[in-house]
Amino acid sequence: MVANSVGPAGQSGLEAHGIINPGIIHWNLSAPALYQEAIRRGEGVVTFGGAFAVNTGMHTGRSPKDKFIVDTPSVRDTVNWGSVNKPVELETFKRMHERVTAYFQGRDVFVQDCFAGADPKHRLKVRVLTESAWPNLFAQNMFIRPTAEHKIGFQPDFTILHTPGLQARGEADGLNSETFIIVNFDERMILIGGSHYAGEIKKSIFGILNYLLPDQGVMPMHCSANIGTSGDSAIFFGLSGTGKTTLSADGSRTLIGDDEHGWSSNGIFNFEGGCYAKVINLSAKAEPEIYSTIHRFGTVLENVVFDPLTRELDLFDGSLTENTRACYPLEFIPNVSDNGMADHPNNIVMLTADAFGVLPPIAKLSPEQAMYHFLSGYTARVAGTEKGMGTQPEATFSTCFGAPFMPRHPTVYGEMLRDRIARHGSTCWLVNTGWSGGRAGDGGERMKISYTRAMVRAALDGRLTAAPMQKDERFGLYVPESCPDVPTEILRPGIAWLDKSSYDATAAELCGRFSDNFQQFESHVDEAVVAAGIPPAA
């Protein structure tokens, strides 16, 4: 089969994936053709400007409790089993695979062949089979699109079978609920069902790379990356809501990618060919590069509210979810790398959105501190933005800034980071994009993006590297005494708080949370890393 062809079963080799007697097979359709099929099937609508909007129903985010790895001898001793990487028996996979392939019988199938990994030496060939058109467009946007020549004779390294319309039977199927994401490394296959949220497709492949690449000497990273005019590169670690996508999409620097990268002996490289940006409250003034993408033909919008008559988007309406998303090809960003690769990073930025309002907005880290904060992976969730949260901010520690996607033990990735920092002399920074002057919802105000951009730019262009630093005794962090275009009181969280006793109590509380969380890693790291960490409150 060649690209953009449509044909009946039996001509494509899908039998190798267990799919027999499907309906029409739509093979590597273009974005316009996928739009046409999605509209014809009533999967979504075209909004003002041309983006395609869908509603993912009950699931508006990932379902981590429904993700499993098949427990086979080949991975048994290398996967970090637990609440994140949950084992499932091979028989359960076989049973669900039979149900998935039976589900495809008589149904049209959309097939997208793609690459994950801009570096040809560490590239994964991925085939995504979906029952609907729009998730196929999502995959086309999200991964790297092979040339027509590369598609000829394409043999995937991993295959995703995506059937959100098929629900599991929970415990009767040996699973937790009707939703399932099952990874089988031996069969090199991923089954996804019971959820229309397309982020499961993207993150499943990220998890595969996070497991495979360390054996190739590549550190996989949940980070964004960009390049300066002099060729200096920077990476930005961070969880959702910390500004990872926003800060890397800076018009003064060239974007490499916004979420997933590898660090090899040759430098860094993007895993993806697109971006998956959170767009709730997106501002045309503060984030013009991303804002422009959501009004373009080819972009997929998940759960973004729009006027049913004019189709104008309402980015401030979170009635469906706070996790509204836009998926678009990298080339929609004006200043983007043409090959997705760069030299070893000069700067490493670790982002946190501290809703307690006590961490400094920027601090320079030693290599030992960098490993401590990398393993900690701290941010905070804000009350009211997620179902079931109380009235106060909630501390979140996600090791490696991406615990749900890391199949191996965190220290595997931590040691790789420390080794690379030492080898290449990268300068490390902790940047707080969260609140200042108080807790979120209790007197604090979100850090202005203009201040954060000013601090990050000063760090990346070298102005802060040799600047005088003052030690924050409570957190053990070295904070610049001044930064161009940033008020001094912003750099000193304690000064910004009107109630000093409340600041002291809140800071002590956060110190205790850091200390309690890091106890799980103390036996896996050396004393220098433990000593470089945030001390418990006195």
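No experiment lies behind these values; they were computed from the predicted model shown.

## Observations concerning the overall build of the protein chain
Link 1 in the chain: What the protein chain contains, in helices and strands, is 14 helices and 31 strands.
Link 2 in the chain: Computed over its C-alpha atoms, the radius of gyration of the protein chain comes to 23 Å, within 12% of the 24 Å expected for a compact globule of 538 residues.
Link 3 in the chain: Taking all 538 residues of the protein chain together, 60% fall into the buried category.
Link 4 in the chain: The contacts in the protein chain between residues at least 6 apart in sequence include a share of 72% that link residues at least 24 apart.

## Quick look at the sheet that holds strand β18 (residues 300-302)
Link 1 in the chain: Read from one edge of the open sheet, 5 strands run β3-β4-β18-β21-β17, paired in mixed fashion. Here the strands that pair on one side only, and so sit at the sheet edges, are β3 (45-46) and β17 (274-278).
Link 2 in the chain: Sheet analysis places β3 next to strand β4 (residues 52-54), joined by 2 bridges and oriented antiparallel. Bridged to Val46 within β4 is Phe52.

## Observations concerning the pattern of salt bridges
Link 1 in the chain: Tallied over the entire structure, the rule returns 28 salt bridges.
Link 2 in the chain: Ionic pairing is found between Lys202 and Glu260, a salt bridge with its closest N-O pair at 3.2 Å. Placement of the pair is Lys202 in helix α5 (residues 199-212) and Glu260 in strand β15 (residues 260-264), with a sequence separation of 58 residues.
Link 3 in the chain: Measuring nitrogen to oxygen at the nearest pair gives 2.6 Å for the salt bridge that ties Glu509 to Arg439. Here the residue Glu509 occupies a position in helix α13 (residues 500-518), and Arg439 occupies one in the loop between β28 (435-436) and β29 (445-446), the gap between them amounting to 70 residues.
Link 4 in the chain: The buried category is assigned to Arg439, whose relative accessible area is 13%.

## Considering helix α8 (residues 367-376)
Link 1 in the chain: By the criterion of burial, α8 is predominantly enclosed, with 8 of the 10 residues buried.
Link 2 in the chain: Of the residues making up α8, those classed as buried are Gln369, Ala370, Met371, Tyr372, His373, Phe374, Leu375 and Ser376.

## Observations regarding the packing of aromatic side chains
Link 1 in the chain: On inspection of all chains with the given rule, the structure shows 20 aromatic pairs.
Link 2 in the chain: Judged by centre distance (5.2 Å) and plane angle (90°), the ring pair of Phe138 and Tyr276 falls under edge-to-face. Of this pair, Phe138 sits in helix α3 (residues 134-142) while Tyr276 sits in strand β17; the two residues are 138 residues apart in sequence, bridging distant segments of the chain. Of the two residues, Phe138 and Tyr276, neither departs from the other in class, the shared state being buried.

## Overview of unusual backbone geometry
Link 1 in the chain: One non-glycine residue, Cys400, adopts positive backbone phi at about 65°.
Link 2 in the chain: Structurally, Cys400 is set in the loop between β26 (394-397) and α9 (410-424).
Link 3 in the chain: A relative accessible area of 1% places Cys400 in the buried class.

## Comments concerning empty space enclosed by the protein
Link 1 in the chain: The full count for this structure, using the stated rule, is 3 cavities of 30 Å³ or more.
Link 2 in the chain: Estimated volume of the largest cavity: approximately 60 Å³.
Link 3 in the chain: Every residue along the wall of the largest cavity is listed here: Leu351, Thr352, Leu359, His373, Ser376, Gly377, Tyr378, Phe401, Leu430 and Phe514.
Link 4 in the chain: For the lining of the largest cavity, the elements supplying multiple residues, two or more each, are β23 (347-352) and α8.
Link 5 in the chain: Taken together, the residues of the lining of the largest cavity sort by class into 6 nonpolar, 4 polar and no charged.

## Some points on the state of the cysteines
Simply put, disulfide is the name for a covalent bond between the sulfur atoms of two cysteines.
Link 1 in the chain: Under the criterion given, the structure shown has 0 disulfides.
Link 2 in the chain: Unpaired in terms of disulfides, Cys114 finds its nearest cysteine sulfur in Cys327, a separation of 11 Å.

## Section: the packing of α3 against α5
Link 1 in the chain: The interhelical angle for the contact between α3 and α5, taken along N-to-C directions, is 40°, at an axis separation of 9 Å. The orientation of α3 with respect to α5, classified from their angle, is oblique. Crossing angle aside, the handedness with which α3 passes α5 is right-handed. Two secondary-structure elements touch here, α3 through Pro135, Phe138 and Met142 and α5 through Gly199, Ile201 and Lys202.
Link 2 in the chain: Tallied by class, residues from the contact of α3 with α5 come to 4 nonpolar, 1 polar and 1 charged.

About the thresholds
Residues numbered from 1 in each chain as written. Predicted model: local features only at pLDDT ≥ 70, side-chain atom pairs only at ≥ 80, totals over all residues. Heavy atoms only, no water. Helix = DSSP H or I, 4+ residues; strand = E, 2+ residues; numbered from the N terminus. Rg over C-alpha atoms; globule rule 2.2 N^0.38 Å. Buried < 20%, exposed > 50% of the residue type's maximum accessible area, 1.4 Å probe, protein only. Contact = heavy atoms within 4.5 Å. Pairing = 2+ DSSP bridges. Salt bridge = Lys/Arg side-chain N within 4 Å of Asp/Glu carboxyl O. Phe/Tyr/Trp six-rings, centres within 6.5 Å; stacked < 30°, edge-to-face > 60°. 1 Å grid on protein atoms, 1.4 Å probe; cavity = no way out; pocket = protein on both sides within 12 Å on 5 of 7 lines; lining within 4 Å. Points joined across faces, edges and corners; volume = space filled by probe spheres on them. Nonpolar A, V, L, I, M, F, W, Y, C, P; charged D, E, K, R; others polar. Disulfide = S-S within 2.5 Å. Axes fitted to C-alpha atoms, helices over the stretch in contact; angles between N-to-C directions. Parallel < 35°, antiparallel > 145°, perpendicular 65-115°, else oblique. Left-handed = near helix turned anticlockwise from the far one by under 90°.

By themselves, these figures tell us nothing about what the structure is for.
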